[in-house]
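Observations on the three-dimensional arrangement
The chain contents come next:
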Amino acid sequence: MNKVRDRVALWSTILLLGLAWPALAHVGSPNVFFEGEAGPHPIRVVIRPPPVVPGLAQISVRVKNTGPHQVQVLPVKWDAGRKGAPPPDSATLVRGETNLYSAELWFMTTGAYGVLVRVESSAGKGEAIVPITALATRRLVMTPLMTGVLSGLGLLLVALLASIARAALSESLLEPGSLPTRRRLRGGRLAALAAMIFITGALYGGYRWWGAVDRHFVSNRLYRSPQTTLTLSERDGHRALRLAIDDPRWERHQRSPLIPDHGKLMHLFLVRQPGLDVFAHLHPSGRDDRLFDTALPPLPEGEYLTFADITHETGASQTLTGRVRIGPGASPASWHHSEISPDPTDAWHASHPVGTGAAPSPSVPSQPYQVRWEALSSVVAGVDLSLSFQVVDANGQPAPLELYMGMPGHAVILHEDSSVFTHLHPQGTASMASLMTFAKRELDINAVRRLDDLICGVDTQESRVHFPYAFPKPGRYRVWFQAKARGQIVTGAFEVTVAAPS
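1. A look at the pairing of strand β19 (residues 347-350)
For a regular strand, side-chain orientation follows a simple rule: the groups alternate between the two sheet faces. The alternating pattern of β19 places Ala 347 and His 349 on one face and Trp 348 and Ala 350 on the opposite face, and all of these are buried. Here strand β14 (residues 278-282) runs beside β19; their pairing, made up of four bridges, is antiparallel. Within β19, the position partnered with Phe 279 by the bridge is His 349.

2. What about the sheet that holds strand β5 (residues 89-90)?
The antiparallel open sheet is built from four strands, whose spatial order is β5-β4-β8-β9. Across the chains shown, the open sheet's two edge strands, defined by having one partner strand only, are β5 and β9 (124-134). Helix-sheet contacts for helix α6 (residues 432-442) involve β4 (70-77), β8 (111-121) and β9, and the interaxial angle to β9 is about 130°.

3. Description of the nonpolar core
Residues Leu 387, Phe 389, Val 391 and Phe 471 are the most contacted members of the largest nonpolar core, which totals 31 residues. Not counting chain neighbours up to four residues away, the residues in contact with Leu 387 comprise Trp 373, Leu 376, Ile 413, Leu 424, Val 465, His 466, Phe 467, Tyr 469 and Phe 471. One finds Val 32, Val 117, Ile 132 and Ala 134 within the second-largest nonpolar core, a separate group that totals 29 residues.

4. Points about the environment of Leu 387
By secondary structure assignment, the location of Leu 387 is in strand β21 (residues 385-392). Along the backbone, Leu 387 and Ala 411 are 24 residues apart, and their C-alpha atoms lie at a distance of 9.3 Å.

5. Focus on the side chain of His 69
With respect to the secondary-structure elements, His 69 resides in the loop between β3 (55-63) and β4. Within the structure, His 69 has its side chain in polar contact with the side chain of Asn 65 (distance 3.1 Å). In this structure the side chain of His 69 is engaged in a polar contact, spanning 3.2 Å, whose partner is the side chain of Tyr 101. If we skip the residues at most four places from it in the chain, His 69 touches His 41, Val 63, Tyr 101, Val 119, Glu 120 and Ser 121.

6. Description of the sheet that holds strand β20 (residues 370-373)
Spatially, three strands are ordered β20-β21-β25 in an open sheet, and the strand pairing comes out antiparallel. Across the chains shown, the open sheet's two edge strands, defined by having one partner strand only, are β20 and β25 (464-469). Ignoring which end each strand starts from, the neighbouring axes of this sheet average 25° apart. The pairing of β21 with β25 spans six bridges and is antiparallel. Across the sheet, the residue bridging to Gln 390 is Arg 464, located in β25.

7. Quick look at the pattern of salt bridges
The full count for this structure, using the stated rule, is 19 salt bridges. Between Arg 44 and Glu 35 there is a salt bridge, with its nearest N and O atoms 3.0 Å apart. We note that Arg 44, like Glu 35, is buried. Measuring nitrogen to oxygen at the nearest pair gives 3.4 Å for the salt bridge that ties Glu 303 to Arg 323. Taken together, the residues span a long stretch of sequence, with Glu 303 in strand β17 (residues 302-312) and Arg 323 in strand β18 (residues 317-326) at a distance of 20 residues. We classify Glu 303 as partly exposed; its relative accessible area is 24%. Assessed through its relative accessible area of 30%, Arg 323 is described here as partly exposed. One network of salt bridges, with partners in common, ties together Glu 301, Glu 303, Arg 323 and Arg 325.

8. Considerations on unusual backbone geometry
Val 53 connects to Pro 54 through a cis peptide bond whose omega is 5°. Cis geometry marks the peptide bond from Gln 273 to Pro 274; its omega dihedral reads 0°. Positionally, Pro 274 belongs in the loop between β13 (267-273) and β14. Phi at Leu 276 takes a positive value of approximately 55°, unusual for a residue other than glycine. In this fold, Leu 276 is placed in the loop between β13 and β14. Even without being a glycine, Met 405 presents a positive backbone phi close to 55°. Tracing the sequence through the fold places Met 405 in the loop between β22 (401-402) and β23 (410-415). By relative accessible area, which is 10% here, Met 405 ends up buried.

Quick notes on the rules
Residues numbered from 1 in each chain as written. Predicted model: local features only at pLDDT ≥ 70, side-chain atom pairs only at ≥ 80, totals over all residues. Heavy atoms only, no water. Buried < 20%, exposed > 50% of the residue type's maximum accessible area, 1.4 Å probe, protein only. Helix = DSSP H or I, 4+ residues; strand = E, 2+ residues; numbered from the N terminus. Pairing = 2+ DSSP bridges. Contact = heavy atoms within 4.5 Å. Axes fitted to C-alpha atoms, helices over the stretch in contact; angles between N-to-C directions. Core = buried A, V, L, I, M, F, W, Y, C linked by side-chain atoms within 4.5 Å. Polar contact = N/O pair within 3.5 Å; in protein donor to acceptor, adjacent residues only side chain to side chain. Salt bridge = Lys/Arg side-chain N within 4 Å of Asp/Glu carboxyl O.

Take it as geometry only, folks, not as evidence of what the structure does.
In structure tokens, the structure reads:
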């Protein structure tokens, strides 16, 4: 059984690392979700970024109050602002809908953008901005059919060029009705052979040039998550974890100052494989711009995948992936007496392995509160949802929530095969640091205040937190929800099976 689990863990990791490169702020879930307000208009925005740059992004805007509305969208590059942006594009009403608008936007260069959404109606007008990072995440390949068709046409052109060369030398100076001499025929064949050699050399040179361009693209322009190394150290029973960004490309291309998100430079998540039964949300402190240390809680022994969320001052966000093995031996008391003090917002949680329904591990930290996930009638891949959670006390009564790192709650979603990882907030998938960075640059002060109120607002009467999302692929997922009630961090773990679209 252990061998089977080890193999599952190995292949899950290989799959994770293979899929890590198309990710940016998340893994395997590139779409951006935003729920907020544009002036008097509550809106929900979904941006489907292009896999290549230049490329077209698909944008949908649902305005939740009555219309008619006029909706415009505008891509604003972080270093150019509105002055460097093209004219806004008008979104069109989707046929059969009354409040859903659709538009396409070109992203011409790579980098951090904010998509400015402007909504106007008889109720007034307002703006919101949604951060997104445009990067080439895919190397497009030609289909076998297209390869065959173009190769055949190419060979035909080569043959025609050789035929033209032969005819030019053997027949171009003949009088009408005359036949070419043997000498001219021989010269024509030599001309055709010379043309074939020249064309073959030109094609080989083109092949070498294109190969160099392709290698340059893969090495320098195709996005891949920076490589990280995690090192576990233990001294006098206290364990610490160091994350090092040791990818040469971090220095060459991707290095830019980091900014705190919810007051933390890094949000580090650890999930035990293969059962997804142990989860930790930690906040390492930075020794410099590539080394981060944290005290390690008394996590059970096992192989852990790591996901580290960071935000750059440009507004771009990244998720760094890694793997670490944790051995046995740490006591719960050692965590709070480590040489590196744990962050007050650090938390961990254990539950039953995904897909088993078994009892949780005895090492589960006790919680005076419980989390309820409001069940969904059906969950289908690609369909927009609102994930709703509620925290209740031991009597089943709603518990008053407090802000947890400036937010009513956080949610983390991981596919069973680790190919999808998402860190959600009530406002969507964007980093709050990135959201505020673009808002302060591009929105008026009143809009920034409304956004700040929206981010920090929490309905303590309802004790419910909602997250906009759409699961990107079918399969079984583990969903964790975290909030804070009466000074205690509360974590809930759930499972959901997502069906394929019919």
